[in-house]
Amino acid sequence: KADMALYRSKEVSRGGYEFFDHSILENLLRTRELEPALRQAITRNELHLMYQPQVCISGGEVVGVEALIRWESREKGALSPNEFIPLAESTGLIVPIGEWVLREACTQLREWHDEGWTELKMAVNVSVVQLKRESFIETVTTILNETGVSPRSLVLEVTESGIMDNVERATQILGALSSMGIGIALDDFGTGFASLTLLKEFPVEQIKIDRSFVSNMETDVESATIVSATIMLGHKLGLRVIGEGVETTRQLEFLRNEDCEEAQGYLFSKPMCSDDLVEWMQGCDT
Ligand code: C2E
Ligand code: CA
Ligand code: CA
Ligand code: CA
């Protein structure tokens, strides 16, 4: 079948559709190769989490960490989540993987709380595919009980993509999670078409300004305006605002001037393994 696709692709490319057709073919082949490997990633212990600090801009202290998944595949080497999360979503594998992430992140947070970092929050990315599952709330509750993590210490980061086809259902689930005390953050804010509708409908408590705006705000008036306006909008709605992808002190100063609460980005640190994160926090403490 793959040969057939290859053959047909050559045919088509003569017709001048090379670019379009190639990317489809590449995706197809890649997906075929990756899927069986991804299926085994959990049991083979190939997944791990990295943690990136989220810093309070006015006080400088770490308020939370975002858990970011990494896959070290036996066959394929290190893969970025941008490469395999979409595949995990389209195959449904995101459900067991997402559950693994949540359990791993909460287990780690429990450890950090026991070690005295009691105020630390854990932000976990959640795909809409997970969110829409009947069992999602139960999964979250079970993991919180298992690990003894308080719902107030957990933040779920959701993006608007995919949510719009069933806003009602998503709102209902997020509402239930929020009333348990779990924080909901709207990730990549501003990149989709529905951001404002979602702010109105969803029990969100935090918005994360997408990195694309933050990285361009020094050179591009439009981005700067969008960042300022988003912070103002967030505040008027009573939300905390976090700037993503902060890489320079000028970007940080800009956010500070606009009274943005939190920042996350390479300026503070890249995502780190748990031991490095602790060392990093100790360095900040002194
Ligand atoms: P995201 O949720 O928007 O996460 C932020 C991404 O930006 C991370 O990439 C992080 O390493 C990167 N980043 C943070 N600060 C900076 C900076 O200052 N400069 C630059 N250039 N990049 C920065 P990463 O870890 O490769 O993750 C990519 C995306 O994959 C995430 O975007 C998220 O959408 C998804 N993802 C990661 N982990 C999970 C997970 O456990 N579950 C789900 N469903 N998605 C995940
Ligand atoms: Ca995120
Ligand atoms: Ca983001
Ligand atoms: Ca993103």
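Right above here is the structure, for reference.
Residues numbered from 1 in each chain as written. Chains lettered and ligands numbered in written order. Predicted model: local features only at pLDDT ≥ 70, side-chain atom pairs only at ≥ 80, totals over all residues. Heavy atoms only, no water.

## Structural notes on helix H3 (residues 81-91)
So, point 1. Burial in H3 covers these residues: Phe-84, Leu-87 and Ala-88. Within H3, the buried residues cover an arc of 105 degrees as seen down the axis, which keeps them to one side. Turned more than 90 degrees off the buried face of H3, the exposed positions are Asn-82 and Ser-90. (Buried < 20%, exposed > 50% of the residue type's maximum accessible area, 1.4 Å probe, protein only. Helix = DSSP H or I, 4+ residues; strand = E, 2+ residues; numbered from the N terminus. Arc of directions from axis to C-beta.)

## What about the pairing of strand E6 (residues 183-189)?
So, point 1. Of all 7 residues making up E6, 6 are buried, and the element is well covered by its neighbours.
So, point 2. Where strand E5 (residues 154-158) and E6 come together, 4 bridges link them in parallel fashion. Pairing of Glu-157 across the sheet is with Ala-185, part of E6.
So, point 3. For E6 and strand E7 (residues 206-209), the ladder comprises 3 bridges, and the chain directions are parallel. Bridge pairing in E7 places Ala-185 opposite Gln-206. (Pairing = 2+ DSSP bridges.)

## Examining the coordination of the calcium ion (ligand 3)
So, point 1. In this structure, Asp-187 (OD), Asp-188 (OD), Glu-244 (OE) and Glu-244 (OE) serve as the protein donors to the calcium ion (ligand 3), at separations of 2.1 to 2.6 Å.
So, point 2. Written as a sequence motif, the donor residues of the calcium ion (ligand 3) are D-D-x55-E.
So, point 3. Between the calcium ion (ligand 3) and the calcium ion (ligand 2), a spacing of 4.0 Å is present, and a bridge between the two is formed by Asp-187.
So, point 4. A relative accessible area of 6% means that Asp-187 is categorised as buried.
So, point 5. By relative accessible area, which is 26% here, Asp-188 ends up partly exposed. (Donors = N, O, S within 2.8 Å, 3.2 Å for Na, K, Ca; no water.)

## Re the side chain of Glu-66
So, point 1. Mapped onto the secondary structure, Glu-66 falls in strand E2 (residues 62-73).
So, point 2. One polar contact links Glu-66 to Asn-125, side chain to side chain, over a distance of 2.8 Å.
So, point 3. Only 2.9 Å separates the side chain of Glu-66 from the side chain of Lys-208, close enough to count as a polar contact.
So, point 4. Among residues more than four places away in sequence, those in contact with Glu-66 are Met-50, Tyr-51, Gln-52, Gln-54, Ala-123, Asn-125, Glu-157, Lys-208 and Gln-264. (Polar contact = N/O pair within 3.5 Å; in protein donor to acceptor, adjacent residues only side chain to side chain. Contact = heavy atoms within 4.5 Å.)

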